[in-house]
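A structural walkthrough
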Amino acid sequence: MTIDRVELFLLKLPYVHPFETSFGRESDRTFIIVTVNSSGLRGYGEVVAAQRPLFSYETTMTAWHVLEDFFIPLLFQEHLEEPEDFAAAARRYRGHPMARAGLELALWDLKAKKKGFPLYCLYGGTQREIPAGVSIGIQDSPETLLDRIASYLEEGYQRIKIKIKPGWDHDICRRVRLRFPDILFQVDANGAYSPQDGDHLKSLDEFSLLLLEQPFPPYDLWDHAGLQKRIKTPLCLDESIISAETARQALEMGSCRIINIKVGRVGGIVEARRIHDCCRERSIPVWCGGMLESGIGRAHNIHLASLPNFSLPNDLSASRRYYVEDIVEPEIMLTGRGTIRIPEGAGIGITPRDRRIAELALRYAVFTAKSGS
Ligand code: OSB
Ligand code: MG
């Protein structure tokens, strides 16, 4: 049994609220859904690359291109079906982690469906409920931010993360702490600061942040190490950690004390699990980051976050926090305990709405052994 068909769907979904980071504001998300089909079973993956190369150099169109011209043909040429075999074979190509992760995820879902297991069982996950946090973009005013935090706390989220940038940081954190003195609270700069901002970033120590995420640009483990020596707040790296090797180097250098794992950023589950294990051996906690995924990508993240060293609340929120209408059934919801229960069905365990996905598709392509070789 090998893969008989791979499909790509380009989709665009509007957000419930525009999402603003230090990169700018977006009101919808363009992304790719990948399916791999074999003997009547179908695995689903999501490519988290965005329309513009802001978070990283990848875009939806570079991902489409490398999937179509390199990664999908590899599956057919080498008759690959196992996600681990695909991950190994795809190492001959450099970069493009989000594209390769999207296809690898679809193969993991298919593998679990063939076995009839939920994905977390395949991964050796030990947690059945995942602590949910919420990531809140930069708002038009501090009052809007405070109101939004209050309403997410009301819904039960266990931890609040806000985006910061120069000019929207110290004073904002002060106001959040004044109003919510006891919540788990962390901030994410998406690389908006430079090493000269060290004193300013140190001033955030007074707010008992759970962590400060990615203050400096991605390729700067050295200056993160310098900052971590000076400040009390644990640094957490997101964009900087692209493999188990960079994770190890960052930890040996002291560039951070916590790591955010995103499957897309690191190129798939194989690499995500290596990072998880590398951190676990060193007693470094990890948590699952998000890229505002649809229900398909989020379901994958939920299964991954069942691994034992995911020990801080994750950027995993309910469908309705992101989209008016998700593309899965049932939609992802919070329990009364501010957690997300892992679906118990085979594979990702929730059902993608195929008709809706086909109707929404702005672009569609199908690849078979013949077209792919
Ligand atoms: O840096 O964590 C980030 C969304 C898009 C790009 C980068 C990031 C984010 C988030 C969203 O913070 C987290 C989520 O999906 O809930
Ligand atoms: Mg981040």
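For the structure itself, look to the data block above.
Residues numbered from 1 in each chain as written. Chains lettered and ligands numbered in written order. Predicted model: local features only at pLDDT ≥ 70, side-chain atom pairs only at ≥ 80, totals over all residues. Heavy atoms only, no water.

Pairing within the open sheet is parallel, and its seven strands lie in the order S5-S6-S7-S8-S9-S10-S11. The open sheet terminates on both sides in strands that have one partner only, identified here as strand S5 (133-136) and strand S11 (286-288). Bridge count between strand S6 (residues 159-163) and strand S7 (residues 184-188): five bridges; the pairing is parallel. Note on S7: the bridge partner recorded for Lys161 is Gln186. (Pairing = 2+ DSSP bridges. Helix = DSSP H or I, 4+ residues; strand = E, 2+ residues; numbered from the N terminus.)

Counting across every chain of the model gives zero disulfides. Counting only cysteine sulfurs, Cys279 is the nearest neighbor of Cys278, a cysteine outside any disulfide, at a range of 5.1 Å. Residue Cys278 is classed as buried on the basis of its relative accessible area of 10%. Just so you know, Cys288 is unpaired, no disulfide at all, and the nearest cysteine sulfur is the one on Cys236, 12 Å from it. (Disulfide = S-S within 2.5 Å. Buried < 20%, exposed > 50% of the residue type's maximum accessible area, 1.4 Å probe, protein only.)

Structurally, the position occupied by Asn301 is in helix H12 (residues 295-304). Asn301 sits in the buried class, given a relative accessible area of 4%. A distance of 3.1 Å separates a polar atom in the side chain of Asn301 from a polar atom in the side chain of Glu293. Discounting chain neighbours no more than four positions away, the residues touching Asn301 are Val263, Cys288, Gly289, Gly290, Glu293 and Leu316. (Polar contact = N/O pair within 3.5 Å; in protein donor to acceptor, adjacent residues only side chain to side chain. Contact = heavy atoms within 4.5 Å.)

On to the site of ligand 1. The full set close to ligand 1 counts 15 residues, and Ser135, Asp188, Asn190, Leu292 and Tyr322 are the nearest of them. Between ligand 1 and Asp188 there is a distance of 3.0 Å, counted from an oxygen atom to a side-chain nitrogen or oxygen. Here ligand 1 loses 95% of its free accessible area of 390 Å² to cover by the protein chains. The class makeup of the residues in the shell around ligand 1 is five nonpolar, three polar and seven charged. (Near = heavy atom within 4 Å. Areas by Shrake-Rupley, 256 points an atom, 1.4 Å probe, with all protein chains shown as cover. Nonpolar A, V, L, I, M, F, W, Y, C, P; charged D, E, K, R; others polar.)

The next subject is helix H6 (residues 170-179). Here H6 has its buried residues at Ile172, Cys173, Val176 and Arg177. Looking down the long axis of H6, one finds its buried residues gathered within 130 degrees of arc, a one-sided arrangement. Structurally, H6 contributes buried residues whose contacts are with helix H5 (142-155), S6 and S7. (Arc of directions from axis to C-beta.)

Attention shifts here to the coordination of the magnesium ion (ligand 2). Taken together, Asp188 (OD), Glu213 (OE) and Asp238 (OD) make up the full set of protein donors to the magnesium ion (ligand 2), lying 2.0 to 2.3 Å away. Ordering the donors of the magnesium ion (ligand 2) by residue number gives the pattern D-x24-E-x24-D. Here Glu213 is found in strand S8 (residues 212-213), whereas its partner Asp238 is found in the loop between strand S9 (235-237) and helix H9 (244-253), with 25 residues between them in sequence. Of the two residues, Glu213 and Asp238, both sit in the buried class. (Donors = N, O, S within 2.8 Å, 3.2 Å for Na, K, Ca; no water.)

Let us now look at empty space enclosed by the protein. Under the definition given, this model contains two cavities of 30 Å³ or more. When its volume is computed, the largest cavity comes out at roughly 100 Å³. Taken together, 13 residues make up the lining of the largest cavity; nearest its centre are Val48, Val263, Gly264, Glu293 and Asn301. Sorting the residues of the lining of the largest cavity by element identifies helix H3 (97-115), helix H10 (263-266) and H12 as the ones contributing at least two each. Among the residues forming the lining of the largest cavity, the class breakdown is five nonpolar, four polar and four charged. Here the second largest cavity is characterised by a volume of approximately 70 Å³. What lines the second largest cavity is simply His17, Pro18, Phe19, Glu20, Ser135, Ile136, Gly137, Gln139, Arg148, Tyr152 and Arg321. Those elements that provide at least two residues to the lining of the second largest cavity are strand S1 (5-21), S5 and H5. Partitioned by chemical class, the residues of the lining of the second largest cavity number four nonpolar, four polar and three charged. (1 Å grid on protein atoms, 1.4 Å probe; cavity = no way out; pocket = protein on both sides within 12 Å on 5 of 7 lines; lining within 4 Å. Points joined across faces, edges and corners; volume = space filled by probe spheres on them.)

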